[in-house]
Amino acid sequence: MPIVGVTGDVGAGKSALCGELAKCGAHVIDADSVARALWDDPEIRRKAEERWGKGFFDAPRKEMYAKIAAKIFGDDAEYDFASKLLHKKTMENILSQARSAGGVVVAEIPLLYEGGYEKLVDFVVYAACGFEKRVGRNAKRSWSAGEIERREAHLLPREEKIARADCLLVNDGSEEEWREKARSLWRKISEGELDKSEASC
Ligand SMILES: CC(C)(COP(=O)(O)OP(=O)(O)OC[C@H]1O[C@@H](n2cnc3c(N)ncnc32)[C@H](O)[C@@H]1O)[C@@H](O)C(=O)NCCC(=O)NCCS
Ligand SMILES: Nc1ncnc2c1ncn2[C@@H]1O[C@H](COP(=O)(O)OP(=O)(O)OP(=O)(O)O)[C@@H](O)[C@H]1O
C-alpha cells in the first residue's frame, strides 16, 4: 500500500483532512505530534539545555511548547539548531510507524519538502487555503496573522510546493465540504486510483 503524505499551508486544514481520512479507515501518522514528543527525548533535551539553559523545559507542557516556539520561530540560527535536532529522529519514527501499520498509511507532514521527508512517501497531497481565511479560522486557537507568517517565513514558497505535489486540495468552503473532499480522496486511495500524472485529485 502506498504512503500518502499530506502537507500544505500553515493552518490550512491538514489535520481536519487527516481526521476524516482516519474515520474512513486510514492509519494516520502526525509528524507534529512525533516532533513535539521528541522534546522529551533525553538526548534532545540535553543538547537543547546546553544551548538554551538548564531549566528551560521546566514548565507545564503548553507553556513549554510556547517557549520553544518563541525561541525558534523568530530566530534563524535557533530554528536551524532545532531542525537539525529533530528531523532525523522524526523521520525514523514516522518510518517505523509506517512499517508496522497495516492498510493505508497517511502521514501529515507540514515540513514534507523542507525537512526532506518527500522520500518517505509515494504520493503528496497539498492542502491549500487563502491567507485571510486561515487567519479567521485559526483565531480560535489564538493564532494571530503574525503567528502564521512567523511560521511560514521558514517554509519554501507555497507555489513551489504546489508545483511539486501530486495533488492540490483547496479548503475554501465549509467544514463539511472539506470533509467531503477527504472522503473523495479516500475513495481514490482505497480504489487504487491515485495517479501521479493527474494534476488534481
Ligand atoms: C515549536 C513547537 C513546540 C510549537 O508547538 P505548537 O503546539 O505551537 O505547534 P504544532 O507543533 O502543533 O505545529 C502547528 C503547526 O505549526 C507549523 N510548524 C510546526 N513546526 C514548524 C517548523 N519547524 N517550521 C514551520 N512551521 C512549523 C506547522 O504548520 C504545524 O502544523 C513545535 O511546533 C515543534 O516542536 N516544532 C519543531 C519541530 C518540527 O520540525 N515539526 C514539524 C515536523 S514535520
Ligand atoms: N472548511 C473549514 N471551515 C472552517 N474552519 C475550518 C475549515 N477547515 C479547517 N477549519 C479550522 O481551521 C483551523 C485549522 O485547521 P487544521 O488544524 O486542520 O489545520 P492544519 O493545516 O492542520 O494546521 P497546522 O498547520 O497547525 O497543522 C481549525 O480550527 C479547524 O477547525
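Residues numbered from 1 in each chain as written. Chains lettered and ligands numbered in written order. Predicted model: local features only at pLDDT ≥ 70, side-chain atom pairs only at ≥ 80, totals over all residues. Heavy atoms only, no water.

As recorded by an unreviewed UniProt entry, the protein chain carries the name Dephospho-CoA kinase and is attributed to Synergistes jonesii. Here the protein chain is described in UniProt, under the heading Sequence similarities (unreviewed entry), as follows: "Belongs to the CoaE family." Among the UniProt annotations of the protein chain, the heading Subcellular location (unreviewed entry) holds the following wording: "Cytoplasm". (UniProt positions renumbered as here; feature names shortened; annotations may be inferred.)

Draft legend 1. Spotlight on the site of ligand 1. Near ligand 1, the surroundings consist of 21 residues, among which Asp32, Arg36, Trp39, Tyr79 and Arg151 are the closest. Contacts to ligand 1 include Arg36, whose side-chain N or O atom sits 2.7 Å from an oxygen atom. A distance of 2.7 Å separates an oxygen atom of ligand 1 from a polar side-chain atom of Trp39. In the complex, 91% of the free accessible area of ligand 1, which totals 790 Å², lies under the protein chains. For the shell around ligand 1, the element with the highest residue contribution is helix α4 (residues 61-73), accounting for 5 residues. (Near = heavy atom within 4 Å. Polar contact = N/O pair within 3.5 Å; in protein donor to acceptor, adjacent residues only side chain to side chain. Areas by Shrake-Rupley, 256 points an atom, 1.4 Å probe, with all protein chains shown as cover. Helix = DSSP H or I, 4+ residues; strand = E, 2+ residues; numbered from the N terminus.)

Draft legend 2. Looking closely at the pairing of strand β4 (residues 123-128). Burial of β4 is extensive: 6 of the 6 residues sit out of reach of the surface. The side-chain alternation of β4 yields two buried faces, one formed by Phe123, Val125 and Ala127 and the other by Val124, Tyr126 and Ala128. As paired strands, strand β1 (residues 3-8) and β4 are joined by 5 bridges and run parallel to one another. Considered in β4, the bridge of Val6 is made with Val125. Both β4 and strand β5 (residues 167-170) contribute to a ladder of 4 bridges, which runs parallel. (Buried < 20%, exposed > 50% of the residue type's maximum accessible area, 1.4 Å probe, protein only. Pairing = 2+ DSSP bridges.)

Draft legend 3. Here's a closer look at the sheet that holds β1. Across the sheet, which stays open at both edges, the 5 strands sit in the order β2-β3-β1-β4-β5 with parallel pairing between neighbours. Each edge of the sheet is formed by a strand with only one pairing partner; in this case those strands are β2 (27-30) and β5. With direction set aside, neighbouring strand axes in the sheet form an average angle of 25°. (Axes fitted to C-alpha atoms, helices over the stretch in contact; angles between N-to-C directions.)

Draft legend 4. Focus on the pairing of β1. In terms of residue burial, β1 counts as a mostly covered element, since 6 of its 6 residues are buried. A two-sided burial pattern is seen for β1, the buried positions comprising Ile3, Gly5 and Thr7 on one face and Val4, Val6 and Gly8 on the other.

Draft legend 5. Here's a closer look at the site of ligand 2. In the region of ligand 2, 19 residues are neighbours, and Gly11, Lys14, Ser15, Arg141 and Asn171 sit closest. A distance of 2.6 Å separates an oxygen atom of ligand 2 from a polar atom in the side chain of Arg141. Between ligand 2 and Gly173, the relevant distance is 3.0 Å, taken from a nitrogen atom to a main-chain nitrogen or oxygen of the residue. Compared with its free state, where it exposes 630 Å², ligand 2 has 84% of that area covered by protein. The set of elements that each furnish at least two residues to the shell around ligand 2 consists of α1 (14-24) and α6 (131-138). If one sorts the elements of the shell around ligand 2 by residue count, α1 sits on top with 3 residues.

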